[in-house]
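Architecture and fold: a report
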Amino acid sequence: MFDGAPIVGPSQITEDKLNKPNRLWLNIEYDMFYKKHKINPEAYLLEKFHPLPEFISSPEIGFLRSIKPKIGNAKTNLIFTILEEPAVEPTTKLTYGSLVKDLPMIKSFASGILIPKEYIWPVNNARILQPATSLVQDAHREGLSVYASGFANDNFISYNYSFDPAREYLQFFDNSQFAVDGVLSDFPSTASEAIGCLNPNKDAPRTIPTLIISHNGASGDYPGSSDVAYQKAIDDGADLIDCSVQLSKDGIAFCSDRPDLLRTSTAATIFMDRVSKVPEIQEHDGFSLSTSPQLESTFENELSRNPANKNTGKIVNLSEFLELAKQKAVPGVYISIENAAYLASQKNLDIVGTVLSVLSNATLDKEPKQKVHIQSDDSSVLVKFKDNPSYQRVLYIYEPISGAPAQVAQEVKKYADAIFVHRDAIVASTENFCQNFTNTIPAFHAVNISVYVGILKDEFENLNFDYLSDPYVELATYNSLKVDGFMTDFPATANMFVRSSCATQGSPYVIRPVEPGYLYVSTDPITEPPLLSTADVVDPPLPAIAKNLTTQSAAGSASPSGPPPPPPPPKSSSTSSVAVGAEGFILAAIVALLTVFA
């Protein structure tokens with residue numbers, strides 16, 4: 001979109017919009033090349049800039065040695081730019097990797113170094129952070145400043161940062177060993193928020209009350225709905241940990257948000273001959289067997305999630321999930337129920353009754369300190385939880401909407417205390433640029449219904465360009481629109497945001513929300529999604545259960561099958577949680593069989 005924009009010369013950026021002087025850093029990249037063509041960068045600087053820039057850097061030692069005696073008493077810092085280790089410095093004909101080992105020599109012509117970040121915190125081929133070198137401490141002992149380079153939000157950064165670019169900056173100045181003196185970034189606003197706003201201390205005071213809701217636990221780091229994903233979500237500060245309830249053939253309730261295990265478990269490598277499909281509730285073939293969980297990546301190649309955690313942990317049943325929440329004193333749980341009508345009419349399974357029974361056995365139906373949120377896209381499911389006023393009911397609206405008429409919002413109020421919507425129900429976008437904010441949040445806030453949004457992910461390809469590849473800008477935008485809850489694959493990022501010192505007006509630095517159309521205005525007309533209608537809200541009563549197979553899940557001693565991510569499609573073809581039998585085997589028998597022959 002922006003190719004062909006005019007080039008800006010250094011003399012055009014010496015002052016800001018208020019005519020106040022900017023702090024200027026000029027990098028002279030090819031002094032020797034220019035001189036061969038009878039162009040003298042040194043003479044240009046001395047002639048054009050009065051005073052000289054605060055920083056002048058170059059990767060050429062000859063240039064820095066030549067200009068040093070000519071800057072006189074100017075308060076100019078000469079910085080030696082270090083390139084990649086194998087690259088050769090043109091004056092000495094030595095590699096930069098060898099030159100950086102002679103810091104006293106560098107001190108003879110420079111006051112600091114600008115150096116690729118990997119010299120400081122190496123990253124191995126598996127993109128795992130290695131122990132820091134002593135470069136920063138060694139340089140500081142020689143009286144050299146250290147500026148780290150190579151930062152960009154859309155880089156493929158170490159898995160240690162969970163795709164959060166701000167966390168990478170924090171690693172360079174908020175650690176127990178050292179702090180660099182500056183960073184060079186393609187996205188300076190993210191560097192500014194990391195330095196000026198973000199506090200990695202999970203116990204820092206909270207400035208924003210918005211709920212942090214996990215999505216399949218911390219599913220950006222570990223296989224979704226696994227025990228380790230839930231534990232990390234708790235450690236990362238989630239207010240509510242979530243369980244999308246599925247049922248096995250024998251009625252065991254477990255956590256997973258879809259039935260096909262092709263991408264979310266190891267089933268595909270073992271049981272390909274037992275693939276099956278239930279067209280009423282799933283779009284793809286899948287398995288019905290107990291398998292190891294598998295980390296699912298939203299994006300491919302370099303944006304694939306950490307392969308080291310690919311098959312970590314185990315899938316948990318609903319009883320185990322609730323017990324974990326109680327043991328860790330999590331503020332609340334968020335339970336999603338889908339396809340109750342199909343399970344009742346076609347499989348004689350009462351998923352609502354099962355969930356109610358397990359909640360009762362866990363005494364969460366009487367626990368005032370731990371909130372229980374029940375989500376469903378079926379209003380008849382939510383009605384079943386109406387008798388317990390401590391349960392918060394959430395209507396899941398899968399399709400994008402632009403708001404709701406007052407009478408429809410009032411209809412929702414009969415069934416739910418909150419709604420969950422996807423991001424396109426709040427921000428209307430074209431070609432990955434934000435074009436407009438919808439009326440969804442104001443429409444439901446008008447009748448005192450909370451609005452939760454998701455599913456948030458840190459990967460930069462998940463973000464509109466307006467967010468500058470920065471998940472904190474997206475969070476700041478939803479916060480400015482008064483969203484009541486963030487559902488995210490990365491609870492740690494949301495937790496750091498809600499504890500930010502720059503999230504409110506009046507702060508020295510503010511993480512700014514986007515303004516629709518500021519970055520790019522589409523020439524095509526903006527087509528907003530439709531308003532929510534009553535037909536989208538009200539569902540027929542749930543069918544009766546022909547056979548009573550309900551409460552077997554309360555015991556839940558067998559660890560059930562299941563997997564994680566994507567949300568269920570619309571009501572007409574909603575993704576489910578039933579395990580479809582292969583050759584009629586029940587789950588428990590398969591688990592035992594696998595145990596014997598493993």
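Since this is a predicted model, take the numbers as computed values, not measurements.

Moving on to the layout of surface pockets. Here the largest pocket defines a volume of roughly 1,200 Å³. In this structure, the largest pocket is lined by 32 residues; those nearest its centre are Phe-187, Pro-188, Ser-189, Ser-192 and Tyr-509. In terms of residue class, the lining of the largest pocket is built from 20 nonpolar, five polar and seven charged.

Time to look at the state of the cysteines. Inspection of the entire model under this criterion finds two disulfides. Two residues share a disulfide in this structure: Cys-197 and Cys-502, whose sulfurs sit 2.2 Å from each other. On the sign convention where negative is left-handed, the bridge of Cys-197 and Cys-502, at about -95° about the S-S bond, is left-handed. Placement of Cys-197 in the loop between α8 (188–196) and β7 (211–214) and of Cys-502 in the loop between α17 (491–498) and α18 (587–597) is noted, with a sequence separation of 305 residues between them. Assigned by exposure class, Cys-197 and Cys-502 land together as buried. Covalently, Cys-243 is tied to Cys-255 through a disulfide, its sulfur atoms 2.1 Å apart. Residues Cys-243 and Cys-255 are joined by a disulfide whose S-S torsion is about -105°; by sign, that bridge is left-handed. One end of the pair, Cys-243, is in strand β8 (residues 240–247); the other, Cys-255, is in strand β9 (residues 253–255), and 12 residues separate them in sequence. Sequence-ordered numbering of the bonded cysteines in the protein yields a pairing of 1-4, 2-3.

On inspection of all chains with the given rule, the structure shows 22 aromatic pairs. Considering the side-chain rings of Tyr-396 and Tyr-398, the 6.1 Å spacing of their centres and the 85° angle between planes classify their relative orientation as edge-to-face. Owing to a relative accessible area of 3%, Tyr-396 belongs among the buried residues under this scheme. The interplanar angle of 70° and the centroid separation of 6.3 Å between the aromatic rings of Phe-486 and Phe-497 together place this pair among those described as edge-to-face. One end of the pair, Phe-486, is in strand β17 (residues 485–488); the other, Phe-497, is in helix α17, and 11 residues separate them in sequence. In this structure Phe-486 comes out as buried when scored by relative accessible area, which is 0%. By relative accessible area, Phe-497 is classed as buried at 1%. Every member of this aromatic cluster is reached through a ring pair, and the members are Phe-2, Phe-433, Phe-465 and Tyr-520. Stacked on the ring of Phe-151, the Lys or Arg Lys-117 has its end atom at 5.8 Å from the ring centre.

How two helices pack is summed up by the angle between their axes together with the distance between the axes. The contact between helix α16 (residues 471–480) and α17 brings their axes to 10 Å, and the two run at 60°. Judged on the interaxial angle alone, α17 and α16 are oblique. Crossing of α16 over α17 shows right-handed handedness. Mapping the contact onto sequence places Pro-471, Tyr-472, Leu-475, Ala-476 and Asn-479 in α16 and Thr-493, Ala-494, Met-496 and Phe-497 in α17. The residue inventory of the contact of α16 with α17, partitioned by class, reads seven nonpolar, two polar and no charged.

The next thing to look at is the packing of helix α10 (residues 318–327) against helix α12 (residues 351–361). For the pair α10 and α12, the least separation of the axes is 10 Å and the interaxial angle reads 35°. In this structure, α10 crosses over α12, and the sense of that crossing is right-handed. Between α10 and α12, the contacting residues are Leu-318, Ser-319 and Leu-322 on the first element and Val-355, Val-358 and Leu-359 on the second. When grouped by side-chain class, the residues that make up the contact of α10 with α12 number five nonpolar, one polar and no charged.

The next point concerns the pattern of salt bridges. Applying the stated criterion across every chain yields a total of 17 salt bridges. Between Lys-70 and Glu-42 there is a salt bridge, with its nearest N and O atoms 2.3 Å apart. You can see Lys-70 sitting in the loop between α3 (61–67) and β3 (77–81) and its partner Glu-42 sitting in helix α2 (residues 41–48), a full 28 residues away along the chain. Lys-70 gets classed as partly exposed once you look at its relative accessible area, which sits at 46%. When the shortest N-O distance is used, the salt bridge between Asp-489 and Arg-305 registers 2.9 Å. Placement of Asp-489 in the loop between β17 and α17 and of Arg-305 in the loop between β9 and α10 is noted, with a sequence separation of 184 residues between them. Each of the two residues, Asp-489 as well as Arg-305, counts as buried.

For the rest of this paragraph, the subject is the side chain of Thr-81. Looking at the secondary structure, you find Thr-81 in strand β3. Within the structure, the side chain of Thr-81 is placed 3.3 Å from the side chain of Asn-27, a separation counted as a polar contact.

The element strand β13 (residues 418–422) is largely enclosed, with a buried count of five among its five residues. Neither face of β13 is exposed, since Ala-418, Phe-420 and His-422 on one face and Ile-419 and Val-421 on the opposite face are all buried. After leaving strand β12 (residues 391–397), the chain enters helix α14 (residues 406–415) and then returns to the sheet as β13, a path that is right-handed. Summarising the sheet, β13 and strand β16 (residues 450–456) pair through five bridges and their orientation is parallel. Note that in β16 the partner of Ala-418 across the bridge is Ser-450.

Parameters and conventions
Residues numbered from 1 in each chain as written. Predicted model: local features only at pLDDT ≥ 70, side-chain atom pairs only at ≥ 80, totals over all residues. Heavy atoms only, no water. 1 Å grid on protein atoms, 1.4 Å probe; cavity = no way out; pocket = protein on both sides within 12 Å on 5 of 7 lines; lining within 4 Å. Points joined across faces, edges and corners; volume = space filled by probe spheres on them. Nonpolar A, V, L, I, M, F, W, Y, C, P; charged D, E, K, R; others polar. Disulfide = S-S within 2.5 Å. Helix = DSSP H or I, 4+ residues; strand = E, 2+ residues; numbered from the N terminus. Buried < 20%, exposed > 50% of the residue type's maximum accessible area, 1.4 Å probe, protein only. Phe/Tyr/Trp six-rings, centres within 6.5 Å; stacked < 30°, edge-to-face > 60°. Lys NZ or Arg CZ within 6 Å of the ring centre and 35° of its normal. Axes fitted to C-alpha atoms, helices over the stretch in contact; angles between N-to-C directions. Parallel < 35°, antiparallel > 145°, perpendicular 65-115°, else oblique. Left-handed = near helix turned anticlockwise from the far one by under 90°. Contact = heavy atoms within 4.5 Å. Salt bridge = Lys/Arg side-chain N within 4 Å of Asp/Glu carboxyl O. Polar contact = N/O pair within 3.5 Å; in protein donor to acceptor, adjacent residues only side chain to side chain. Right-handed = clockwise from strand over helix to strand, strands pointing away. Pairing = 2+ DSSP bridges.

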